Structure formats: structure tokens, C-alpha cells
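For reference, the chains in residue letters:
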Amino acid sequence: MDRGTTILIFEAPLDSGLYYDGLRLREHILRRPLGLTVSREELADDTMRQHFCAVDCGAVVGTVSLWPLDESTLHLKQMAVAEPKRDARIGSHLVRHVERWGTSAGFRLMIAHARVGAEGFYLKHGYAQEGGVFFEQTIPHMRVTKRI
């Protein structure tokens, strides 16, 4: 992180102000560049996920959510970091935070669908590519996994 900057990570309960700030960031970073908006299906899925936001000086600068697939597996979804803050290692802090959260909740495996081009971030954090490239939200992704 930048010297003098303190990034705090909070759980963002559904329908809270923090959740909505994270949702806006998610839409801005992940959907708008593709000409998409967050769909009703995604909003419905949000009710089944645990949401987290990274906050800097009161502003949400990163977000991620976790979707339990079964009693031991979490799907890391919707990772987004504000462009001006990408050099501050916020994504790394979010991943470490949700991995610790998952482990403390009894989960043992984390999976993610990484956009092609972003897979290096996950590989750097100990994830392994599993299978080939597939399309999701109109762009190529790959599945990555990590035992936590």
C-alpha cells in the first residue's frame, strides 16, 4: 500500500450503504467497459453471497464476494479495484482477507473465474489454472483454484 494510506476491509451486508458502494464499483469496473450492467440474476445471486469492501478515506476502492458452493468450497466472485488504486495492492489484501475468512468459516477450497489477462494475479497468489478457456460475460475466462 502507499505510505501513509490505511486500507480497511469490511464485510458489506446486503442492502447496506457499503454493499451499494461496492456494487457501483463492480458495475463501473466489470460491466460498463463491456457495455453491460449488473443483471437481475446477478443481484439475486448477491443474496447468497458474502460481500467485502476495501475502504480508503471513507471511499470504497475494492470489492469482492464469496459464494459457498458446498460445505468446503467457496467461489470468489466479482473482484474489482478502482483503477487509481491498483498499484496499492488492494486486490492482494482483499484476496488474503477472504481466504482467511473462508478458512475460519471451515472452507478448504477457493475457486475463481479469472478474466484472461488477470489470471497472473491469481497465479501469483498461489492459485492454479484448471481446465481451458471459456466465455463468461462475453469475454474469455479461466478457472483457477487454491486450497486454503
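Structure first, text after, so check above.
All of these numbers come straight from a predicted model, not from anything done at the bench. (Residues numbered from 1 in each chain as written. Predicted model: local features only at pLDDT ≥ 70, side-chain atom pairs only at ≥ 80, totals over all residues. Heavy atoms only, no water.)

Colleague: In this structure, what is going on with the pairing of strand 2 (residues 50-56)? I would like to understand it.
Modeller: Of all seven residues in strand 2, six are buried; the element is thus mostly enclosed. Sheet topology note: the strand 1 (residues 7-11)/strand 2 ladder contains five bridges and is antiparallel. Pairing of Ile9 across the sheet is with Ala54, part of strand 2. As paired elements, strand 2 and strand 3 (residues 59-68) share seven bridges and run antiparallel to each other. Within strand 3, the position partnered with Cys53 by the bridge is Thr63. Two successive antiparallel strands, strand 2 and strand 3, enclose a turn made up of two residues, where Cys57 displays a positive phi of approximately 55 degrees. (Buried < 20%, exposed > 50% of the residue type's maximum accessible area, 1.4 Å probe, protein only. Helix = DSSP H or I, 4+ residues; strand = E, 2+ residues; numbered from the N terminus. Pairing = 2+ DSSP bridges.)

Colleague: How should the pairing of strand 6 (residues 128-136) be read in this particular structure?
Modeller: Along any regular strand the residues' side chains alternate between the sheet's two faces. Pairing geometry for strand 6 and strand 7 (residues 139-147), over seven bridges, is antiparallel. Its bridge partner lying in strand 7, Val133 is registered against Met142. The antiparallel hairpin formed by strand 6 and strand 7 contains two residues in its connecting segment, where Gln137 sits at a positive phi of about 55 degrees.

Colleague: What exactly am I supposed to notice about the nonpolar core here?
Modeller: In globular proteins that are soluble, nonpolar side chains generally tend to be buried together. Counting 34 residues, the largest nonpolar core has Leu76, Ile90 and Tyr122 as the members making the most contacts within it. Of all elements in the fold, only helix 1 (17-31), strand 2, strand 3, strand 4 (73-81), helix 3 (90-104) and strand 5 (109-115) reach the threshold of two or more residues within this core. Setting aside anything within four residues of it in sequence, one finds Ile90 in contact with Ile7, Ala54, Val61, Gly62, Val81 and Lys85. (Core = buried A, V, L, I, M, F, W, Y, C linked by side-chain atoms within 4.5 Å. Contact = heavy atoms within 4.5 Å.)

Colleague: What exactly am I supposed to notice about helix 3 here?
Modeller: Two residues of an α-helix separated by three or four positions point the same way, owing to the 3.6 residues in each turn. The first and last C-alpha atoms of helix 3 sit 21 Å apart over 15 residues, in line with the 21 Å expected at 1.5 Å per residue. Burial in helix 3 covers these residues: Ile90, Gly91, Ser92, Leu94, Val95, Val98, Glu99 and Gly102. Once helix 3 finishes, Gly106 follows within two positions and takes phi at roughly 95 degrees, a positive value. (Expected span 1.5 Å × (residues − 1).)

Colleague: Got a minute to help me understand unusual backbone geometry in this structure?
Modeller: Note on backbone geometry: most residues besides glycine have negative phi, and most peptide bonds are trans. Positive phi is not limited to glycine here, since Gln78 has a value of about 55 degrees. Structurally, Gln78 is set in strand 4. For Gln78, a relative accessible area of 13% puts it in the buried group. For Thr138, which is not glycine, the phi dihedral falls at a positive 75 degrees. Mapping Thr138 onto the fold places it in the loop between strand 6 and strand 7.

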